[in-house]
Amino acid sequence: MLVWHIPLPGAVREELDLVRRGDELAVAAGPFRRIVPLPSALRRCTVEGAALRDGELRVRFAPDPRLWPRSR
């Protein structure tokens, strides 16, 4: 499991929206919206969940076995 920490000071859980679009993460917090490109390692993962704690969005990712090279 990989966790990406995104600072969102002042964000309110009820006003938060998170959508994965290809290699990007669309984050909306109230009237503010951002399209954030995913780091290369996270592009090969699926979003497993997210939580907002202490002004920080923590997005959990799980590696997608179809997208990771197999070790021999």
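Refer to the structure above for everything that follows.
Residues numbered from 1 in each chain as written. Predicted model: local features only at pLDDT ≥ 70, side-chain atom pairs only at ≥ 80, totals over all residues. Heavy atoms only, no water.

## Observations regarding the pattern of salt bridges
Alright, step 1. According to the stated counting rule, one finds two salt bridges in the structure shown.
Alright, step 2. Among the ionic pairs, Arg66 bridges to Asp64, the shortest N-O distance being 2.8 Å.
Alright, step 3. Among the residues examined, Arg66 registers a relative accessible area of 73% and is labelled exposed.
Alright, step 4. The exposure class of Asp64 is buried, given its relative accessible area of 7%. (Salt bridge = Lys/Arg side-chain N within 4 Å of Asp/Glu carboxyl O. Buried < 20%, exposed > 50% of the residue type's maximum accessible area, 1.4 Å probe, protein only.)

## A short note on the side chain of Asp64
Alright, step 1. If you trace the backbone, Asp64 turns up in the segment after strand S6 (56-63).
Alright, step 2. Polar contacts involving the side chain of Asp64 include one to the side chain of Arg66, which spans 2.8 Å.
Alright, step 3. Filtering out sequence-adjacent residues up to four positions away, Asp64 remains in contact with Arg44, Cys45 and Thr46. (Helix = DSSP H or I, 4+ residues; strand = E, 2+ residues; numbered from the N terminus. Polar contact = N/O pair within 3.5 Å; in protein donor to acceptor, adjacent residues only side chain to side chain. Contact = heavy atoms within 4.5 Å.)

## Overview of the pairing of strand S4 (residues 32-37)
Alright, step 1. The element S4 is barely covered by neighbouring structure, given that only zero of its six residues are classed as buried.
Alright, step 2. Bridging between strand S3 (residues 24-29) and S4 involves six bridges; their strand directions are antiparallel. Bridge pairing links Ala29 to Phe32 in S4.
Alright, step 3. Between S3 and S4, which pair antiparallel one after the other, the connecting turn spans two residues, and Gly30 there sits at a positive phi close to 65 degrees. (Pairing = 2+ DSSP bridges.)

## Some thoughts on the sheet that holds strand S5 (residues 45-53)
Alright, step 1. With antiparallel pairing, the three strands of this open sheet are ordered in space as S1-S6-S5. Each edge of the sheet is formed by a strand with only one pairing partner; in this case those strands are strand S1 (2-7) and S5. Across the sheet, the mean angle from the axis of one strand to that of its neighbour is 20 degrees, orientation sign disregarded.
Alright, step 2. Bridging between S5 and S6 involves eight bridges; their strand directions are antiparallel. Paired with Gly49 across the two strands is Arg60, which belongs to S6. (Axes fitted to C-alpha atoms, helices over the stretch in contact; angles between N-to-C directions.)

## Some remarks on the nonpolar core
Alright, step 1. Grouped together as the largest cluster of nonpolar side chains are eleven residues: Trp4, Ile6, Leu8, Leu25, Val27, Leu38, Leu42, Cys45, Leu57, Val59 and Phe61.
Alright, step 2. For this core, the element with the most residues is S6, which contributes three residues.
Alright, step 3. If we skip the residues at most four places from it in the chain, Leu38 touches Trp4, Arg20, Gly22, Asp23, Glu24, Leu25, Arg43 and Phe61. (Core = buried A, V, L, I, M, F, W, Y, C linked by side-chain atoms within 4.5 Å.)

Read these as spatial facts, not as claims about activity.
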